[in-house]
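Here are the chains, one letter per residue:
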Amino acid sequence: MSLDQPNTALDPRCPSGPLAERWTKHLSEIKLVAPANKRKHTIIVVGTGLAGGSAAATLAELGYNVINLCIQDSPRRAHSVAAQGGINAAKNYQNDGDSVWRLFYDTIKGGDFRSRESNVHRLAEVSTEIIDQCVAQGVPFAREYGGTLANRSFGGVQVSRTFYARGQTGQQLLLGCYSGLMRQVDAGRVTLLPRREMLELVLVDGKARGIVARNLITGELERYAGDAVLLATGGYATAYYLSTMAVNSNASAVWRCYKKGAFFGNPSLTQIHPTAVPQLGDYQSKLTLMSESLRNDGRVWVPMQPGDKRRPNDIPEAERDYYLERIYPSFGNLVPRDIASRQALYRVREGKGVGPTGVAVYLDFKEAIGRLGRQVVTDRYGNLFQMYEEIIGDDPYETPMMIYPAPHYTMGGLWVDYNLMSTIPGLHVLGEANFSDHGANRLGASALMQGLADGYFVAPNTVGHYIASVDLPKVGTDHPAFAAAEREVNARVTKLLSIQGNRTVREFWWDIGRVMWDQVGMSRSEAGLKEAIDTIQGLKARFWEDVRVPGSADDFNKSLELAGRVADFFELGELMARDALARRESCGGHFREECQTPEGEALRDDANFAHVAAWEYRGDDTEPARHIEPLDFEFVELKTRSYK
Amino acid sequence: MHFTLRIWRQSGPQAAGRLERYEIDDINPDMSILEMLDLLNEQLTRDGVEPVAFDNDCREGICGTCGLVIDGVAHGKKHLATTCELRMRGFVDGTTITIEPWRAQAFSVVKDLVVDRSPFDRIIAAGGYVSANVGSAPDANEILIPKVDADLAMDAAVCIGCAACVAACPNASASLFTAAKIAQFSYLPQGQTERERRVVRMVEQMDAEGFGDCSNHGECEAVCPKGISITNIGVMRREYVRALTGQLR
Ligand SMILES: Cc1cc2nc3c(=O)[nH]c(=O)nc-3n(C[C@H](O)[C@H](O)[C@H](O)COP(=O)(O)OP(=O)(O)OC[C@H]3O[C@@H](n4cnc5c(N)ncnc54)[C@H](O)[C@@H]3O)c2cc1C
Ligand code: FES
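Here is what the cut-offs are and how they apply
- Residues numbered from 1 in each chain as written.
- Chains lettered and ligands numbered in written order.
- Predicted model: local features only at pLDDT ≥ 70, side-chain atom pairs only at ≥ 80, totals over all residues.
- Heavy atoms only, no water.
- Helix = DSSP H or I, 4+ residues; strand = E, 2+ residues; numbered from the N terminus.
- Rg over C-alpha atoms; globule rule 2.2 N^0.38 Å.
- Buried < 20%, exposed > 50% of the residue type's maximum accessible area, 1.4 Å probe, protein only.
- Contact = heavy atoms within 4.5 Å.
- Areas by Shrake-Rupley, 256 points an atom, 1.4 Å probe, with all protein chains shown as cover.
- Pairing = 2+ DSSP bridges.
- Axes fitted to C-alpha atoms, helices over the stretch in contact; angles between N-to-C directions.
- Disulfide = S-S within 2.5 Å.
- Phe/Tyr/Trp six-rings, centres within 6.5 Å; stacked < 30°, edge-to-face > 60°.
- Lys NZ or Arg CZ within 6 Å of the ring centre and 35° of its normal.
- Near = heavy atom within 4 Å.
- Polar contact = N/O pair within 3.5 Å; in protein donor to acceptor, adjacent residues only side chain to side chain.
- 1 Å grid on protein atoms, 1.4 Å probe; cavity = no way out; pocket = protein on both sides within 12 Å on 5 of 7 lines; lining within 4 Å.
- Sits in = over half its atoms within 2 Å of the grid points.
- Expected span 1.5 Å × (residues − 1).
- Points joined across faces, edges and corners; volume = space filled by probe spheres on them.
- Buried area = accessible area lost by both parts, 1.4 Å probe.
- Salt bridge = Lys/Arg side-chain N within 4 Å of Asp/Glu carboxyl O.
- Domains from an automatic or database assignment.
- Nonpolar A, V, L, I, M, F, W, Y, C, P; charged D, E, K, R; others polar.
- Parallel < 35°, antiparallel > 145°, perpendicular 65-115°, else oblique.

Caption draft 1: Highlighting the overall build of chain A. When its secondary structure is counted, chain A shows 17 helices and 21 strands. Relative to the compact-globule value of 26 Å for 644 residues, chain A shows a C-alpha radius of gyration of 24 Å, a close match. The 644 residues of chain A split such that 69% are buried. Taking the contacts inside chain A whose residues are at least 6 apart along the sequence as the reference set, 73% of them involve residues at least 24 apart. If you sum the accessible surface of chain A, you get close to 20300 Å²; carbon and sulfur atoms cover 49% of it.

Below, the structure is given as structure tokens:
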């Protein structure tokens, strides 16, 4: 199908032939933009995280004219900065049998066979180049005494392929990416626009040709025109209110694009991370993640007796249930995230939860300190232990940590083809904002990899292919489509400010979060999901009648920013519930109570659900349409995941 | 817990500012100070008063977005912590807490407690990078880096760019921030090729932005939430002198 038509047939546009040759073949076949012509093309990149920052810098290196926006006051603060654990790459530096195929297979299997083989294989292939690029930029990865790079094993895999920089891998990768971006800013090839929020996509002749953004300092609406728009706006787990995401993480950019015709892939597929610091009170604004690397050495347990209120150190070994080691003897504490999270939920439901709220489990380092010595434990996890102590006020060297699952990552996102293009011609989606590579569950240390793969290696090539393939007559910001998009934004902003009701935005955010967590969270049922849809619709109606947004539109106004984002969470939350309801199987992070084995393990339904669900917006008062992209597995055999 | 808050309110860069008093009750000791400000803003919104503007994002001490001067100290009195990491159990119940924005000639106030830190981005743009285009990198293990050097580089690289160092410095100098980046690259083989140009341009940009000079007060290191050492400033000075005298060549 031609690249300038909406891809409503969901053609994945994957190359054919042997899996390992597809990306190389694609690269040699796609069209190129002549060097002298590149600077005549403007590309708008929304987001400066690992995906957006790397794409903006690389496109500028190639010679394109780039406009790059972010919400924060500096690109260096995008939420990628918070990633702790590490980044995977199939380097096999440890000689432990790793390979591109194995990383590919682990990612497909970890994703519970709900992702595209071609995409995932490409991800595994370029993973090695990512590490090369980051080292060349001066990212100070951990090293061995001989000067080579160090690796560790991370969540659910049996090789050591994770590269890391203490507990701040995301920060160091992002600062590397940011430095490359600032070099292009200095060279005049990137126009950097911090403190901007994209609020509308502009389509001209059905193609993405620009955006309208709000200047968050002055409140002014600004128009930007270009030949392609790249969204790299991150995940939307803030729809759950409490999550490990940043306070400003949101879905507004992807949601505006969905409403302009981009299909939304697998919206309900969310990863609930097993090791966050548990919630302490209702006032809380976010949950802090404790890196999953802790499970390499920590042992998860609860008391065997429900309601056991003794202090953890007073509970004898014989009365503790190291339930992950018991149920999954071969993977033990390193089972994938969805399994670890769900098992914690079950223990809490059995009344065995610990801590003041009874909604937590222990993660114990006593054995590790005995085996490795305190110093080694400090070297590996010192900053995490310190972080924990700051929050909870307990010393994890002495008393086991308390942990509990938290919404952490959204596998769902805008549907994209192999070229990372959405169903809207010219609109490309990168990083966590797209649905592409992680299927129903993401393996640890693979989101950083995907963000940088998309931004450094994939999009710079495929966006060029799009530009070279379609006719792009010049469009300026005086085109009527810009004025129309601006009017839509203005109408929304004015409406939000005019209601002046009785409830604050945060109260509404809290309400929707509660529904999402209880009914569209770790364990989902038909009745619960139907109820959630009703409740959310009611909340949304109430929001638009009773919200109170203080301040004005032409000013720095955080309440107004938040109001716009929360308004979108109602609509997105409803779609997430619909998607979860329609997917009548359990897979990865999606667990339907109706679909489980007698032992309580997830029951996948490959006959009916080996596909991507992509939702089409059809108006505020019409139900969205569910389309499917079948997933053909040509190279791997679909297996039931077993970590026993 | 109950607190009296004195908070800096300023409607815009040109407007005059003043400290306003607010009373707040029912504060849980486990709350962070930003969660307390959230509660205050809920209260103000209900009372029809415009909420206090303050910057924040990750709320876990890594993005560098938050930053308040609390009782006269950047990021408060707690050592090695950002503002968002401060818990109310570290304050005395019933006391008054004064909250102000970062103050420095180079940073203008955007609104209330929010300031413009874009000069930091321009300092990095002036040379805080290694020019390595995508596609041209050798295999990562071809560049061997002794663990001690990698660790030294990492010690400097952990800077979160919050600008507490500037807020704490009597001269409002950005030396610690700039030096940390220069030092990081000076320890790494990748940083050698552009060593001279980097230090000269970054130092010049720092001066052009209107930051003051460093006169070794050490306040920056004392408030740095990541414990970045003032010895980095020594490294920067050495690099700068050597670059000017051609000794790096
Ligand atoms: C606490 C935590 C720890 C993690 N640890 C790991 C780990 O160890 N390994 C791993 O692989 N993954 C990890 N992840 C996941 C990983 O960090 C993220 O998936 C990834 O960094 C997302 O990158 P991104 O570039 O897609 O988005 P982000 O980094 O979130 O960037 C989004 C960008 O979009 C901008 N933006 C958003 N909306 C708009 C708008 N409307 N207008 C303008 N700009 C907008 C933001 O300002 C920002 O610049 C972790 C995640 C969290 C939350
Ligand atoms: S909000 Fe990120 S460091 Fe405080």
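After presenting the structure, the write-up continues.
Caption draft 2: Looking closely at the sheet that holds strand 6 (residues 196-204) of chain A. All names here are of chain A. Strand order in the open sheet made by the three strands is 6-7-8, with antiparallel pairing throughout. Two strands lie at the open edges of the sheet, namely strand 6 and strand 8 (221-225), each paired on one side alone. In this sheet, neighbouring strand axes are inclined to one another by 25° on average, regardless of whether the strands run parallel or antiparallel. When strand 7 (residues 207-215) meets strand 8, the two strands line up antiparallel, connected through five bridges.

Caption draft 3: Local environment of the state of the cysteines. For the structure on display, the rule yields zero disulfides over all chains. Between C70 of chain A, a cysteine without a disulfide, and C177 of chain A, which holds the nearest cysteine sulfur, the sulfur-to-sulfur distance is 11 Å. The cysteine C169 of chain B is free of any disulfide, with C220 of chain B supplying the nearest cysteine sulfur at 6.6 Å.

Caption draft 4: Local environment of the packing of aromatic side chains. Under the definition given, this model contains 30 aromatic pairs over all chains. Geometrically, the ring pair formed by W255 of chain A and Y258 of chain A is tilted, given 4.4 Å between the ring centres and 35° between the ring planes. Residue W255 of chain A and its partner Y258 of chain A are both found in helix 7 (residues 252-259); the two are separated by three residues, about one turn of the helix. The class of W255 of chain A is buried, set by a relative accessible area of 3%. Between the aromatic rings of Y346 of chain A and F591 of chain A, the centroid separation amounts to 6.5 Å while the plane-to-plane angle is 70°, which identifies the pairing as edge-to-face. Note that Y346 of chain A is positioned in helix 9 (residues 337-349) and F591 of chain A in the loop between helix 16 (558-582) and helix 17 (606-609), a separation of 245 residues in sequence. Like Y346 of chain A, the residue F591 of chain A is buried in the burial classification. Through a chain of ring-to-ring contacts, the aromatic side chains of Y236, W255, Y258, F264 and Y617 of chain A assemble into a single cluster. Sitting above the plane of the F508 of chain A ring, R503 of chain A keeps its charged end 4.7 Å from the centroid. Here the guanidinium or amino end of K147 of chain B rests over the ring plane of Y145 of chain A, the centre of that ring lying 5.5 Å away.

Caption draft 5: Focus on the site of ligand 1. All names here are of chain A. In the region of ligand 1, 36 residues are neighbours, and Q72, S80, M198, E432 and L448 sit closest. Contact distances for ligand 1 include 2.5 Å between an oxygen atom and a side-chain N or O atom of Q72. Within the contact set of ligand 1, an oxygen atom lies 2.8 Å away from a backbone nitrogen or oxygen of G85. Here ligand 1, which alone exposes 1000 Å², has 96% of that area covered by the protein. The pocket occupied by ligand 1, as judged from atoms lying within 2 Å of grid points, is the largest cavity. Among the secondary structure elements, those contributing two or more residues to the shell around ligand 1 are helix 3 (50-62), strand 6, strand 15 (401-410) and helix 12 (447-469). Looking at the shell around ligand 1 element by element, the count peaks at three residues for strand 6.

Caption draft 6: View of helix 3 of chain A. Residue and element names in this part refer to chain A. In a regular helix each residue adds 1.5 Å, so 13 residues correspond to 18 Å; helix 3 covers 18 Å between its end C-alpha atoms and thus fits that length. Burial analysis of helix 3 places 12 of its 13 residues in the buried class, the great majority of the element. Buried residues of helix 3: L50, A51, G52, G53, S54, A55, A56, A57, T58, L59, A60 and E61, and no others. Those residues of helix 3 that are buried are in contact with strand 1 (42-46), strand 2 (65-69), helix 6 (169-186), strand 5 (190-193), strand 9 (228-231) and helix 12. At the C-terminal side of helix 3, G63 shows a positive phi close to 115°.

Caption draft 7: Highlighting empty space enclosed by the protein. Within the structure shown, the criterion is met by 16 cavities of 30 Å³ or more. Roughly 890 Å³ of volume is contained in the largest cavity. Lining the largest cavity we find 50 residues, and of these H79, S80, G234, G235 and E432 of chain A sit closest to its centre. For the lining of the largest cavity, the secondary structure elements donating two or more residues are helix 3, strand 6, strand 15 and helix 12 of chain A. The space that makes up the second largest cavity amounts to roughly 430 Å³. Lining the second largest cavity are 26 residues, and of these R506, K558, S559 and L562 of chain A together with N41 of chain B sit closest to its centre. Looking at the lining of the second largest cavity, the elements with two or more residues in it are helix 14 (505-519) and helix 16 of chain A together with helix 1 (33-46) of chain B.

Caption draft 8: Quick look at the interface of chain A and chain B. Between chain A and chain B, the residue contacts involve 72 residues of the former and 72 residues of the latter. Approximately 6100 Å² of surface area, both sides summed, lies buried where chain A meets chain B, with 51% of it carried by carbon and sulfur atoms. Counting across the interface, chain A meets chain B through 11 salt bridges. Note that E60 of chain B is salt-bridged to K286 of chain A, the shortest N-O span being 2.6 Å. At the boundary of chain A with chain B, the tally comes to 44 residue pairs in polar contact (both at pLDDT 80 or more). Every element with two or more residues in the side of chain A that touches chain B is listed here: helix 3, helix 5 (117-137), helix 6, helix 11 (374-392), helix 12, helix 14 and helix 16 of chain A.

Caption draft 9: Region of the structure containing the domain arrangement of chain B. Residue and element names in this part refer to chain B. Each domain of chain B was delimited in the assignment, giving domain 1 (3-110) and domain 2 (117-245). Computed over C-alpha atoms, the centres of domain 1 and domain 2 are 29 Å apart. Listed as interface residues are 20 residues of domain 1 and, on the opposing side, 20 residues of domain 2. Interface of domain 1 and domain 2: buried area, both sides summed, is about 1400 Å²; carbon and sulfur atoms make up 63% of it. Area buried by domain 1 at its contact with domain 2 is led by W102, A106 and F107, which between them contribute 33% of it. For the interface between domain 1 and domain 2, the tally reads one salt bridge. Between D55 and R117 there is a salt bridge, with the nearest N and O atoms lying 3.9 Å from each other. There are four residue pairs in polar contact (both at pLDDT 80 or more) connecting domain 1 and domain 2. Each residue belonging to the side of domain 1 that touches domain 2 can be placed in one class, and the counts come to 11 nonpolar, seven polar and two charged.

Caption draft 10: Representation of the packing of helix 6 of chain A against helix 12 of chain A. Residue and element names in this part refer to chain A. Relative to each other, helix 6 and helix 12 sit at 10°, their axes nearing to 11 Å. In terms of their interaxial angle, helix 6 and helix 12 are classed as roughly parallel. Residue-level contacts link T169, G170, L173 and C177 of helix 6 to L448, L452 and Y456 of helix 12. Here the residues of the contact of helix 6 with helix 12 sort into five nonpolar, two polar and no charged.

Caption draft 11: Structural context of the pattern of salt bridges. Following the criterion strictly, the structure yields 71 salt bridges over all chains and no others. Between E585 of chain A and R114 of chain A there is a salt bridge, with its nearest N and O atoms 2.9 Å apart. With E585 of chain A in the loop between helix 16 and helix 17 and R114 of chain A in the loop between helix 4 (100-110) and helix 5, this residue pair connects regions lying 471 residues apart in the sequence. Residues E585 of chain A and R114 of chain A agree in their burial class; the two are buried. The salt bridge partner of R320 of chain A is E317 of chain A, with a shortest N-O separation of 3.3 Å. Here the residues in one salt-bridge network are D73, R77, R195 and K558 of chain A together with D55 and R117 of chain B, joined through shared partners.

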